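A structural walkthrough
Read off the chains here:
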Amino acid sequence: MRQLFLALTSATMLAGAASAATVYPLDRATVLVGSPFDFKVEFSKVVKPEDVKVTVNGEAYETVFGKAANFVAEEKGKEDKVLGSALILRDLTIAKAGTYKVDVSAGDEKKTVSWDVYGTAAAPKAKNIIFLLGDGLSVAHRTAARIMSKGMTEGKANGRLAMDDVPPVAFIGTSSTHAIATDSANTMSAYMTGHKSRVNALGVYADRTPASLDDPKVETIAEALRRTTKKSIGIVSTAEVEDATPAALVSHTRSRNDKAEIVGMLYGVKPDVLLGGGSAYFLAKDVPGSKRKDDKDYIALFKEAGYGLAINKTELAAASGSNQDKLLGLFHTGNMDVTLDREFLKKGTVDKFPDQPGLVDMTKAALDKLSKNPDGFFLMVEGASIDKMSHPLDWDRAVVDTIEFDKAIGVARAFAEKNPDTLIVVTGDHTHGVSIIGTVDDEKPGTEMREKVGTYDAAGFPNYEDKNGDGYPDKIDVSRRLFIAANNGPDHYETFRPKLDGPFVPAIKNEKGEYIANEAYKDVPGAVFVQGNIPKDGDSGVHAVDDVVLQAAGPGAEGFRGYMEQSDVYRVLADAFALGAAKK
Amino acid sequence: MDHTVRGGLKRRQVLGAMAALPCLASPLSARAEERLGFGELYKSFGVLGLSFSDKVNRLKGQDVSITGFMAPPLKAEAAFFVLSEIPMSLCPFCSSDADWPDNILVVYLARKQTFVQFNAPILVEGVLDLGSWSDPETGFVSQIRLRNASFKTV
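Quick notes on the rules
- Residues numbered from 1 in each chain as written.
- Chains lettered and ligands numbered in written order.
- Predicted model: local features only at pLDDT ≥ 70, side-chain atom pairs only at ≥ 80, totals over all residues.
- Helix = DSSP H or I, 4+ residues; strand = E, 2+ residues; numbered from the N terminus.
- Buried ≥ 20, exposed ≤ 12 C-beta atoms within 10 Å, placed from the backbone.
- Contact = placed C-beta atoms within 7 Å.
- Core = buried A, V, L, I, M, F, W, Y, C linked by C-beta atoms within 7 Å.
- pLDDT = per-residue confidence, 0-100.
- Domains from an automatic or database assignment.
- Nonpolar A, V, L, I, M, F, W, Y, C, P; charged D, E, K, R; others polar.
- Pairing = 2+ DSSP bridges.
- Right-handed = clockwise from strand over helix to strand, strands pointing away.
- Axes fitted to C-alpha atoms, helices over the stretch in contact; angles between N-to-C directions.
- Parallel < 35°, antiparallel > 145°, perpendicular 65-115°, else oblique.
- Left-handed = near helix turned anticlockwise from the far one by under 90°.

**A word on the overall build of chain A**
Each helix and strand in chain A was counted, giving 14 helices and 30 strands. The principal-axis extents of the C-alpha atoms in chain A amount to approximately 80 × 55 × 50 Å. Burial analysis of chain A (584 residues in total) assigns 56% to the buried set. By sequence separation, contacts in chain A at least 24 residues apart represent 70% of the contacts at least 6 residues apart.

**With respect to the overall build of chain B**
Helices and strands together make up the secondary structure of chain B, namely three helices and eight strands. A burial count over chain B gives 31% of its 154 residues as buried. Considering only intrachain contacts with a sequence separation of at least 6, the fraction spanning at least 24 residues in chain B is 60%.

**Section: the nonpolar core**
Among the nonpolar cores identified, the biggest contains 153 residues, and Ile 129, Leu 132 and Leu 379 of chain A are the most heavily contacted of them. A total of twelve residues in this core trace back to one element, the largest contributor, which is helix α13 (residues 395–418) of chain A. Counting residues in each nonpolar core, the second largest holds 24 residues, with Leu 36, Leu 41, Phe 80 and Val 82 of chain B among its members.

**Comments concerning the environment of Lys 40 of chain A**
Residues and elements named next belong to chain A. Mapped onto the fold, Lys 40 is located in strand β3 (residues 37–42). Residue classification places Lys 40 among the buried positions, given that 26 C-beta atoms sit within 10 Å. On a C-alpha basis, the gap between Lys 40 and Arg 90 in space is 8.2 Å, while along the polypeptide they are 50 residues apart.

**Quick look at the confidence of the model for chain A**
Mean pLDDT over chain A works out to 95, with 96% of the residues at or above the 70 mark. Low pLDDT (under 50) marks residues 1–18 of chain A, which in the prediction has 26 contacts with non-local residues, meaning those over four places away or in another chain.

**A few points about the domain arrangement of chain A**
Residue and element names in this part refer to chain A. Per the domain assignment, the segments making up chain A are domain 1 (18–118), domain 2 (128–174 + 221–432 + 545–576) and domain 3 (435–530). Its C-alpha centre places domain 2 at a distance of 28 Å from the equivalent point of domain 3. With 22 residues of domain 2 in contact, the opposing surface of domain 3 contributes 24 residues. For the side of domain 2 that touches domain 3, a count of residues per class yields 13 nonpolar, four polar and five charged.

**Focus: the pairing of strand β17 (residues 327–330) of chain A**
All names here are of chain A. Here β17 shows two buried faces, one formed by Leu 327 and Gly 329 and the other by Leu 328 and Leu 330. The pairing of strand β15 (residues 273–277) with β17 spans four bridges and is parallel. Note on β17: the bridge partner recorded for Leu 275 is Gly 329. Handedness of the crossover joining strand β16 (residues 308–310) and β17 through helix α9 (residues 313–321) is recorded here as right-handed.

**Notes on the pairing of β15 of chain A**
All names here are of chain A. Of all five residues in β15, five are buried; the element is thus mostly enclosed. Where strand β14 (residues 232–240) meets β15, four bridges bridge the pair, whose relative direction is parallel. Opposite Ile 235, over in β15, you have Leu 274 as the bridge partner.

**Structural notes on the sheet that holds strand β10 (residues 128–134) of chain A**
Two pairing modes exist for strands in a sheet, parallel and antiparallel, and in both the strands are linked by backbone hydrogen bonds. Residues and elements named next belong to chain A. The mixed open sheet is built from ten strands, whose spatial order is β16-β17-β15-β14-β18-β10-β19-β29-β13-β30. Edge positions in the sheet fall to β16 and β30 (562–565), since each has one partner strand and no second. Put simply, the sheet's adjacent strands are angled 15° from each other on average, direction ignored.

**Focus on the packing of helix α3 (residues 139–150) of chain A against α13 of chain A**
To describe two helices that pack against each other, one gives the angle between their axes and the distance between the axes. Residues and elements named next belong to chain A. At their nearest, the axes of α3 and α13 sit 9 Å apart, and the two run at 85° to each other. By the criterion of interaxial angle, the relationship of α3 to α13 is roughly perpendicular. Residue-level inspection shows His 141, Arg 142, Ala 144, Ala 145, Met 148 and Ser 149 of α3 in contact with α13, the latter providing Ala 398, Val 399, Thr 402, Ile 403 and Asp 406. Its residues assigned to classes, the contact of α3 with α13 shows six nonpolar, three polar and two charged.

**Quick notes on the packing of α9 of chain A against helix α11 (residues 359–370) of chain A**
All names here are of chain A. Following both chains from N to C, one finds α9 and α11 inclined at 20°, their axes separated by 9 Å at the closest point. Comparing their axes, α11 and α9 come out roughly parallel. For the pair α9 and α11, the sense of crossing is left-handed. Contact residues: α9 offers Lys 313, Leu 316, Ala 319 and Ser 320, while α11 offers Asp 361, Ala 365 and Asp 368. Residue classes in the contact of α9 with α11 are distributed as three nonpolar, one polar and three charged.

**Here's the deal with the sheet that holds β3 of chain A**
All names here are of chain A. One open sheet accounts for four strands, arranged β1-β3-β7-β6; its pairing is antiparallel. The open sheet terminates on both sides in strands that have one partner only, identified here as β1 (22–24) and β6 (70–76). Strand-to-strand, the axes of this sheet are offset by a mean angle of 20°, without reference to chain direction. Note that β1 and β3 share three bridges and pair antiparallel. If you follow Thr 22 over to β3, its bridge partner there is Glu 42.

**Let's talk about the confidence of the model for chain B**
Low pLDDT marks stretches whose predicted atomic positions should not be read closely. Residue and element names in this part refer to chain B. Mean pLDDT over chain B stands at 74; residues scoring 70 or higher make up 65%. At the low end of the mean pLDDT range in chain B sits helix α1 (residues 2–7), at 34; at the high end sits helix α3 (residues 54–59), at 96. Between residues 1–31, whose pLDDT stays under 50, and residues either more than four places distant or in other chains, the model counts 27 contacts. Below a pLDDT of 50 lies the segment residues 91–97, which in the model reaches 20 contacts outside its immediate sequence neighbourhood of four places, other chains included.

**Structural notes on unusual backbone geometry**
Residue and element names in this part refer to chain A. Residues Tyr 24 and Pro 25 are joined by a peptide bond in cis, for which omega reads -5°. You can see Pro 25 is positioned in the loop between β1 and β2 (30–32). Within the chain, Asn 57 stands out as a residue other than glycine whose phi angle is a positive 50°. With respect to the helices, strands and loops of the structure, Asn 57 is situated in the loop between β4 (52–56) and β5 (59–60). Not every positive phi belongs to a glycine, and Leu 393 is a case in point at roughly 60°. Of note, Leu 393 is situated in the loop between α12 (385–390) and α13.

**Re the environment of Gly 151 of chain A**
All names here are of chain A. Within the secondary structure layout, Gly 151 lies in the loop between α3 and β11 (152–153). In this structure, the C-alpha to C-alpha distance between Gly 151 and Tyr 464, residues 313 residues apart in sequence, is 7.2 Å. When sequence neighbours within four positions are dropped, the list of residues in contact with Gly 151 reads Asn 158 and Tyr 464.

**Focus on the environment of Asp 568 of chain A**
All names here are of chain A. With respect to the helices and strands, the residue Asp 568 is situated in helix α14 (residues 566–576). We classify Asp 568 as buried; it has 20 C-beta atoms within 10 Å. Along the backbone, Asp 568 and Val 545 are 23 residues apart, and their C-alpha atoms lie at a distance of 18 Å.

**Quick look at helix α4 (residues 184–193) of chain A**
All names here are of chain A. With respect to burial, α4 is a largely interior element, ten of its ten residues being buried. Next to the buried residues of α4 lie β10, α5 (221–228), α6 (244–247), α12 and α14. Gly 194 lies just past α4 and shows a positive phi near 85°.

Shown next as structure tokens:
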């Protein structure tokens, strides 16, 4: 709520500061030919409708866009503050590829933007795409996963991760439309729509009005697939399925927190396979545990729409064998427990939800269902808790979830080996400020844990073991372990140890609204206080602005190259499926 | 801690408890309020919903007391606050006010009281209320709450 409030305040202030009109889509937008989108002009003051002139490539815009926009005399902000006039034209499509220069003027307010409306190859290169998204996946996560899972001898890895053999092909710039920094909503939205947006926004450009559901929309990949193909769509996540990343395939909202509405948007598009957590937003409000504010029972609605339902690992396995082609799998009321808790420590909420599947089970089940469609599929698999455990600086949990994410990549690669018409993309949506800087060695003398940190030559190698060969370290609390550190965060205590009793909660909010170090860790032997370096209203470590690595293999992978904006990735996906040419 | 709590009987609570339990002509009705623990709220957790425990169902409409931690209020002026089992970092990895854990209790105060230190346990007394309720001011939906409540640090 705090972030949303701030975002709305600054959106309101923007109108006052701007001297020129704002046009959505923004300048340099890239638009898939034939894809519906909303056109909006925001004037910074109230203008007369007869003064408004809009041309596209020199022609009257109505001629090019095919219809006239609605004129809004006065848009209102918070407390009915008048923000200025606006033009809104919803659901327009541009059928011909090319550069579209849009000139807008009203009195002395002028703005020119240029859009690149792009076509695609006439014939698809790939039949299937598996898009594997490690939320927050940074280089440190993968290095740590490799060392923890495979070990290292004399400086050489003792084995390779599944992701290690998917060629890295591009660096992705993740910045948002209003800041260099970013979140999982606008980043995944850029991947899944081809348009960058603002922090917290999904499938829309963030306009200035406070309402979150009226912002100018752009088409999502799931909508494009429904419009142009008969392909199946799968969404798999260890987060709530209505969380930002999975939501980005179907949603249009300024606020990722509109989770109840996002469930409605999922129902609107009806992905053929939808697996993850977040059932609380599917339950009618009178059911204890529901987080809805209405009486809609989306479990019943999905069932009526022909979906099989699985609510635990056992039912998921049974559903995989059934011939029902649509599957809704919800395994937790909220985010699913992370791998370390679910499979090993049995902490978190595993006592309440003891039979949750993991990302590998879900990926296999999804591929099993989706691959039955002779027209192919698009599957998005999210390793959500890499990010969800990096925020609270719980690096052990984040790394073990990276190992699990890697195993899901292994499942995807095995599928692609048998089905070479499959494009695999492996990437993160944004990074975290995290690095491995050495080891912590309990055997070093003394009681000061800080002195047990080994750097440079003194780091040596950690002593994780994987005797049972499951790819996970047999235990996380070995005597010489990775020392992973954040470059930012709230005040907290560094314990130099894995959090065996449950996910780390580094900071707690006080009565002034400031996050202060959680005293629960103060008395852990050797714990040291770490002064925060972000504002005190920040509850956890934040996303980094660093590029993410994109890896790809299979038909169409050659489209990824060099530095790319996150929004450019969509164009390669659209090209691989020939979405600009395809007709149902 | 427990003994201190049970020591202080208030007239209102005794009357309330007696009124709510008219048919239980047993020594039970003489007790001011029943103590409730966070671990006792639900008998089952599931994807398709949670089930209140028999104890919670039995105590509906009665005065109860429960110890927990006050989460920072949703709004400074809100008439209610959220009581949690452990000090809360208010959803450390998201920005949504809706993402509360399951093991919380919404507390509506009888009269305004000042927000207390986050890490100090408090004892809350109030009338246990069940069923879906949307707070008219904030839209915050709760299924279990204390009404007409008061609290003190313990």
